[in-house]
Amino acid sequence: MNRTARLYALVEELRAAAPRPVTVAVLATRFEVSPRTVQRDLQTLMETGVPVRALSGRGGGWSIDPAMTLPPIRFTAEEASALTAALAAAGPSTPYSEAARTAAQKIAASMSGPAVAAAQELTARIVTLPARGDSRIRTAVEQAVAHTMVLRLSYTDAAGHGSDRVVEPAGLLTADGRWYLIAWCRARRAGRGFRLDRIAAASPTGERAGPHSLGELLLGSAAADAVRPTALTALSPRP
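Residues numbered from 1 in each chain as written. Predicted model: local features only at pLDDT ≥ 70, side-chain atom pairs only at ≥ 80, totals over all residues. Heavy atoms only, no water.

> So, the packing of aromatic side chains: which residues are in play, and what are the values?
The description of two aromatic rings rests on the distance between their centres and on the angle between their planes. In this structure the tally under the stated criterion is 1 aromatic pair. An angle of 90 degrees between the planes, with centres 5.1 Å apart, marks the rings of Tyr-155 and Phe-194 as edge-to-face. With Tyr-155 in strand β3 (residues 149-156) and Phe-194 in strand β6 (residues 190-195), this residue pair connects regions lying 39 residues apart in the sequence. A relative accessible area of 1% means that Phe-194 is categorised as buried. Between Arg-30 and the ring centre of Phe-31, over which it is positioned, the NZ or CZ distance is 5.0 Å. (Phe/Tyr/Trp six-rings, centres within 6.5 Å; stacked < 30°, edge-to-face > 60°. Helix = DSSP H or I, 4+ residues; strand = E, 2+ residues; numbered from the N terminus. Buried < 20%, exposed > 50% of the residue type's maximum accessible area, 1.4 Å probe, protein only. Lys NZ or Arg CZ within 6 Å of the ring centre and 35° of its normal.)

> Tell me about the layout of surface pockets, and please be specific about residues and values.
By volume, the second largest pocket is sized at about 590 Å³. As for the second largest pocket, its lining consists of 24 residues, and the residues nearest its centre are Thr-84, Leu-87, Ala-88, Ala-104 and Thr-123. Looking at which element gives the most residues to the lining of the second largest pocket, the answer is helix α5 (residues 97-110), with 7 residues. Split by residue class, the lining of the second largest pocket holds 15 nonpolar, 8 polar and 1 charged. (1 Å grid on protein atoms, 1.4 Å probe; cavity = no way out; pocket = protein on both sides within 12 Å on 5 of 7 lines; lining within 4 Å. Points joined across faces, edges and corners; volume = space filled by probe spheres on them. Nonpolar A, V, L, I, M, F, W, Y, C, P; charged D, E, K, R; others polar.)

> Explain unusual backbone geometry to me, using residue names and the numbers behind them.
For the bond running from Ala-18 to Pro-19, omega is 5 degrees, close enough to zero to count as cis. Considering the arrangement of structural elements, one finds Pro-19 in the loop between α1 (3-17) and α2 (24-31). Phi is positive for Glu-32, which is not a glycine, with a value near 55 degrees. Following the sequence through the fold, Glu-32 ends up in the loop between α2 and α3 (35-47). With phi around 65 degrees, Tyr-96 is a residue other than glycine that occupies positive phi space. Using a relative accessible area of 31% as the deciding quantity, one classes Tyr-96 as partly exposed.

> Explain helix α6 (residues 114-123) to me, and be specific about the residues and the numbers.
Considered for burial, the residues of α6 that qualify are Ala-115, Val-116, Ala-118 and Ala-119. Projected down its long axis, α6 shows its buried positions confined to an angular sector of 165 degrees, all on one face. The exposed residues of α6 that point more than 90 degrees off its buried face are Pro-114, Gln-120 and Glu-121. The inward-facing, buried residues of α6 contact α1 and α4 (77-89). (Arc of directions from axis to C-beta. Contact = heavy atoms within 4.5 Å.)

Put into C-alpha cells, the structure is as follows:
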C-alpha cells in the first residue's frame, strides 16, 4: 500500500472506531508498517487539517471527529482532473483561497487509484503567476461576506479616484477573471461593486450588516444578468 492510500485508509480506520481512540501499535499492526511510520502519517493528517487528535493516559490513542471528516469518496480520473483545474483557478488572490487549499488537501487524502494519478499528472502541467495584493484585505472581505458584517473600505475607482466607504456586503461576483464585492454603499445609498484588487484597505467595523439581496443590488448594472455558477447548484439551498 502506497502512502497516499495508507493516509486515506488511516482516516477510515479512525472513523470506523470513533469515538473510541486507537493506539499507534494497533494501527501499525493493521497496516503492516512501523509505529514511527504511523506516527508520521498521523502528524501529516493533522497538518493538512484532518481533525485527528492524540489522547494521552490510560485508554488513550488517536481519534477523529467523524462529523468533521469526509466519508469515502470515489472520484473518476476525469472528476479528479476537473477538481485539480478548479482548485488551480482558485489562486492566492481568489476569495477563500486558503480554505480551498486545505479542502484540496483533504480531498487529495480521500482519493485513491486512477484518480490520484490523473490529479498528479495534471498538477504537473499547471503553473500560476505569483499573487499580488494584500492578503489581509482579502481575509477581511471573506469574513465580512461570510458573517454579514459591515466593512470600512479605502477604494480606488477605474479613473484613479480614491474614496473611503462604509459598505454592507451582499455577496461576491466573478467576471472575466476578476472578483468584485457587491455591497450596499452607505455613502451612495445604493448598490455598488468594488473590484477586490482596487481595494487599498478593508477593516471590519464589528457591526452586523442589514439584509440585502445580491440580485436586487445588481439590477440596472452591467452584471444584472449574472447567474449562480452551475458547479454550485448541488450546494444551493433546497426550495
